[in-house]
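Chain by chain, the residues:
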Amino acid sequence: MADFRSFLSPSSLWTILILGLIVSSSLCADDKAMPDLEKVTEWATAVSGELKRLNLLESYIMSHYGSKVYNKLTIKSGVTVKTATIDQPKLVQEMAKDLSEMLGKKTAALRETVRVAEDFAANYSWNETIRKEDIGYENSKELLQENVSLTFEDRFEKRVNYNFSGVHIPVEIFDGNKDILNGLNWTAALDEQFKKNAQNDDQILWQYFGSQSGFMRTYPATPWPKKKVDLYDVRRQSWYTQGSSSPKDMMILIDKSGSTHGQSLQLMQNAVKSILDTLGENDFVNIVQFAEEASFVSSCFNTTPFVQANYRNKKQLERDVDKLEASGQADFSSALKFAFEKFKEFSENENDTSDDKIKGANCNKVIMLLTDGGTDNAEDIFEQYNWPNKTVRVFTYAVGPTPNPVHAVRWMACANRGYFSQIPAMGAIRARVQNYEIVLARDKALARSRDAQWTSCEFNTFREWDKQLVYTSYLSETLALGGGRHDQWEITLDPREYIPVLSRPQVIKNKKTFEWGNIYEDYLGLGMMTTVTLPVYNTSSTSSNQTILGVVGIDVTTAQLEAKTPFDKIGPIGYSFAINPNGYVVFHPNLKTSGKYMTEPPNVDILDLEIDEENEEMIKLRKNMINGKTGKTETIGTLFLSPDQRYVSFDKATYAYTFIKNTTFSLGLSIPFFKTKYFIFETSFENLDWKHVNETSPNSLSGKDFKVLVAPWKYRKNSTKTKDLPFDIQNILDLLDKHPDPDEWDMDMLGHLYWDIKLIPGLLNFTQPGGSNESVRLSSKMVKINSTAFFVITSGGMTFVRPASEARLFESQRDPRKSPLFTRALHSKACILSADYTNDNTTTSSVTITCYVPAIENGMEFDRPAVAGERFDHSDILAIVHKAINTINQNNGYRNVLTCEDEGVNCYILDSGGFLVAGNVDDPDEWIGRFIGEFDSTVFTALNGTVYSKVEQYDFQSTCEKKNPSASAGFSSFRIPSVDLLFDVLNVGWWSSKVSWALTSFSLYSWLIPDVTVYADDDDEDQDTKCVKAFQQYYINNKTTLEHSIFCKNCSRRVTAVYMDDMNSLFVVSGPKCDECDDEKINPLPHEVSPEDTEKIVCAMAQAPRSRLRSYACYHSDDREDVSECGCCGLYMSWLMSIVMLLTIIWQVKALH
């Protein structure tokens, strides 16, 4: 009796109930049961085999690449085909040598340009009375209006003029400033050197001179891109900042005490963002908020004193700074002690040899203090932590229109090798925050270092005011507050502007080395590029010889670098890549090369693009590369991303690597494991007879209803325009007629294409109705099925499609290097299934079967030179599935088993990424090609993490639709004019010659009323905004079977899945859907990441730093540096005083007239 009571216990009854539900849900009419794992496995094997038999092109094309066959074809085709063993280390070193020679031409041109520039500057006589009409220059913004002669140039993909350079001046700089005019005057002579460089190197691209005063010369001249608001400033570009000063560890201190409430705090927040703009990936930064106590503004970055100043970290800091609120009372000593303690803590990491500790720049050490003023100079803190060596420079900023006393704040900077500046209004931010660069540049300037890295500006030592100043003794006394001279307020070309201060030690030591900068998207439209830079020093006899005048740069696109890849030897899915000493990618096939908001270097690590970031062998490869080593890996099993970013495939490859001489880059070459040899196609131009493939010739095969597409490659070596790259075979024939000179053609590529085209006659015979393909199919005694298209894609660039009407479906696949079909098939160990996919439920219910074609020699595979496939209607594929299952059931006597034709049974064939290829879904046109998580999330939940594994990448410079476009606004840095204009107004010459410019360029109202104003972004006409997006891909892992039961309240469901070896796909059988299951639908398409999740992602990445190499020279101090130039107490005026001053000026002007 006790046993019976135990049997009837609540837990036992619940178990019986669940088992009953399972049994009842597994039964239907006629007491048929759901198939178990054994039966589903048999079904999957049968279905996989029948689908494999549908694509017979593979076996036919294999014969084309067998040694016996290509020996015979050589006699007929006029092409001698041989094979050679791949020597991967030799290939990577040859490519590195080619790159070094190409880049060597750029550095030679750069060196000569800098020599010429310094000679011109040294011999130039400064003109204090220079006027705008005294000089001639071409304003890039006005080239179109001035009807300047412009000619389209293929190299630049736009109209240019080679006779002169174009000049760009930032909108906030007065183009009549005498420093700007003198700079334009002496740099005009650079045009002749730019021309010589272009004549000596027919592949040279943009050449620049970026002045520390803000203007930029670009050769050749081209119209400046039209923007609603032009915010471009050369001094804020990554290539410029890297070229002018050594890297730095920077701690920014923000006074958030109660007195900063309102405009002062808002100014500080915007000033901090401008400071962050000047930092690059070799710099390290963190931000501290303080009142009575100090703490990091970001909880994300509070576990380390500094984080790398890459794009994502800077954006996170900006978001955290925006959250600051004013309260409390400022304690400078507390804030500075906190900062110095963090510097001390950070320096201890230098002695730690582990890779998990963040190693900083270990060069310049900088504190940036932003406050509205105060009386405490914290002398005891400096004495304790920074004196007498003064290893940490201190820069101070008095922020706001009516600050507290600032003499103590200025003293801090002067006593610690820094500089003091004032930011009274929004328009002064950019000029003022760059002052710190002048000081840091001193060391580089003093070293005379040609390390192309950063720019900086140095200020004048309060030189005498302009002699034209007409002012009362009151105004003179006011100006005397700044020492009687007020050049702090001017943006000038003076040798001691802000950037040169930062680089003085470098100049004094006379050091110059080439620096290849971070990659970035070209503002003029040439795509991703890197710029090699070299600083220009002031070597005139009147100079203190510690001044940088600017930076000269020459561009190289990543496409130019990647073009040196030996694809003819490594094949279409082999690839080259390069990284810098931070491990960031210079070029890589998976790197995003364009984007609306890619205004800064993307800072993408090689492990993020190689997907398998936890792979120990890939981590070791990265470390060897950043250390500049040369070597070759063993075969590495890793993940490969498809060109459309929808799939990842696990495959094996070997990697060879070496450094690129005269750069800081390291080059890598990836070759798939199966490719041990490559084809050599020896032929002559005269031996190639193309008439038989001319689709318009009466003697051709054109009547056979086929189309031959061609990869958009440079078969003709001099093809530079995108429109000149071939689309189909007819384009090749037209180009051959137009350019019959053999020297213009790449005979290796042309011979390979010609060889592949020799497949066509056999393909036409094989694919015609009643041909060998159909007879083989009929012998299978399965469902008679007709394909809707046959296709072959070869590594030589040929895509054959029959019938011609279906060629449109393969136009995006014609480049095998970028074709998802081609790359996925070659990375697969079997054939692949795929279905067309769109985002808007307009998929067509067609299924494509694609198989790679191996090349065999002596019984061994040495290459996969082609893929072959066919397209079928989904209904035909589903009929084969049903027929195969029924045959298995009949042969094995499975009578009481539910099949895919029974109601309530869901059968899916999922491809390697989890997308539906075939299934008994209600609306195939809607669901075929879509992700399993979109239409059956319960099944996806069962498969996720068991059969499918997930990888995820993030795009930190993506775009998303604005949720509320009308609310998009920010604080203006351009609506309120620079304070430089305020002091120019004090000059009578301004009124006589410059008033019209001011009235058209600036709003007088906003000048007089310096409240924070609101502006729309320069891209405000668009309905997009910056955001972070996540990309997810799924792949089938090593688990090949799954039998799983799902319980949702009162419903249960069995899911059985079996991997289909021949199709690299998953066969899934499940019971009916449970309405009680409320699993969230999953779509792997790129989607916006919430700010909260973005912070978590950025935090995790910052707390797991990767190893890096300091490859730069460091110039942070020099005993000869003049540190007495540390800023002055500036002039502040109230609104009333501004009006009084303006009325006084008007009265003076009237009196003069």
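Quick note: structure is the one above.
Quick caveat, the model's predicted, so the values are computed rather than measured.

K.L.:
Describe the overall build of the protein, and please don't skip the residues or the numbers.
P.N.:
Helix and strand counts for the protein stand at 39 helices and 41 strands. A buried classification covers 59% of the 1153 residues belonging to the protein. Put simply, 77% of the contacts in the protein that link residues at least 6 apart link residues at least 24 apart.

K.L.:
Please give an account of the pattern of salt bridges that cites residues and values.
P.N.:
Applying the stated criterion across every chain yields a total of 36 salt bridges. The partner of Asp-568 in a salt bridge is Lys-569, and the shortest N-O contact between them spans 3.3 Å. On the basis of relative accessible area, Asp-568 is assigned to the partly exposed category, the value being 41%. The shortest N-O distance in the salt bridge between Asp-1118 and Arg-1120 comes to 3.0 Å. A residue is classified by how much of its surface remains accessible, and Asp-1118, at 13% relative accessible area, is buried. A relative accessible area of 53% means that Arg-1120 is categorised as exposed.

K.L.:
So what's going on with the side chain of Asp-1118? Residues and values would help.
P.N.:
Checked against the element boundaries, Asp-1118 lands in the loop between α38 (1091–1102) and α39 (1135–1152). Within the local environment of Asp-1118, its side chain forms a polar contact with the backbone nitrogen of Arg-1120, the two atoms lying 2.8 Å apart.

K.L.:
Which residues make up the pairing of strand β30 (residues 846–857), and what values do they have?
P.N.:
β30 sits mainly inside the fold: eleven of its twelve residues count as buried. One ladder, built from four bridges, connects strand β29 (residues 832–835) with β30; its direction is antiparallel. Paired with Ser-834 across the strands is Thr-848, a residue of β30. Bridge analysis of β30 against strand β31 (residues 860–873) gives eleven bridges, and the strand direction is antiparallel. Within the sheet, the bridge partner assigned to Val-853 lies in β31 and is Ala-866. Remark: two residues form the turn of the hairpin made by β30 and β31, two consecutive strands paired antiparallel; Asn-858 in that turn has positive phi of roughly 55°.

K.L.:
Please set out the sheet that holds β31 residue by residue, giving values where relevant.
P.N.:
Taken in spatial order, the six strands of this open sheet run β26-β28-β27-β31-β30-β29, and their pairing is antiparallel. Each having just a single partner strand, β26 (707–710) and β29 make up the two edges of the open sheet. The sheet shows a mean angle of 20° between the axes of neighbouring strands, direction not considered. Across four bridges, the pairing between strand β27 (residues 789–794) and strand β28 (residues 798–802) is antiparallel. Bridge pairing links Phe-791 to Val-801 in β28. Where helix α27 (residues 760–767) meets the sheet, its contacts fall on β26, β27 and β28, and the angle it forms with β28 comes to roughly 25°. Helix α30 (residues 874–892) rests against β30 and β31 of the sheet, and its axis sits at about 105° to β31.

Thresholds applied
- Residues numbered from 1 in each chain as written.
- Predicted model: local features only at pLDDT ≥ 70, side-chain atom pairs only at ≥ 80, totals over all residues.
- Heavy atoms only, no water.
- Helix = DSSP H or I, 4+ residues; strand = E, 2+ residues; numbered from the N terminus.
- Buried < 20%, exposed > 50% of the residue type's maximum accessible area, 1.4 Å probe, protein only.
- Contact = heavy atoms within 4.5 Å.
- Salt bridge = Lys/Arg side-chain N within 4 Å of Asp/Glu carboxyl O.
- Polar contact = N/O pair within 3.5 Å; in protein donor to acceptor, adjacent residues only side chain to side chain.
- Pairing = 2+ DSSP bridges.
- Axes fitted to C-alpha atoms, helices over the stretch in contact; angles between N-to-C directions.

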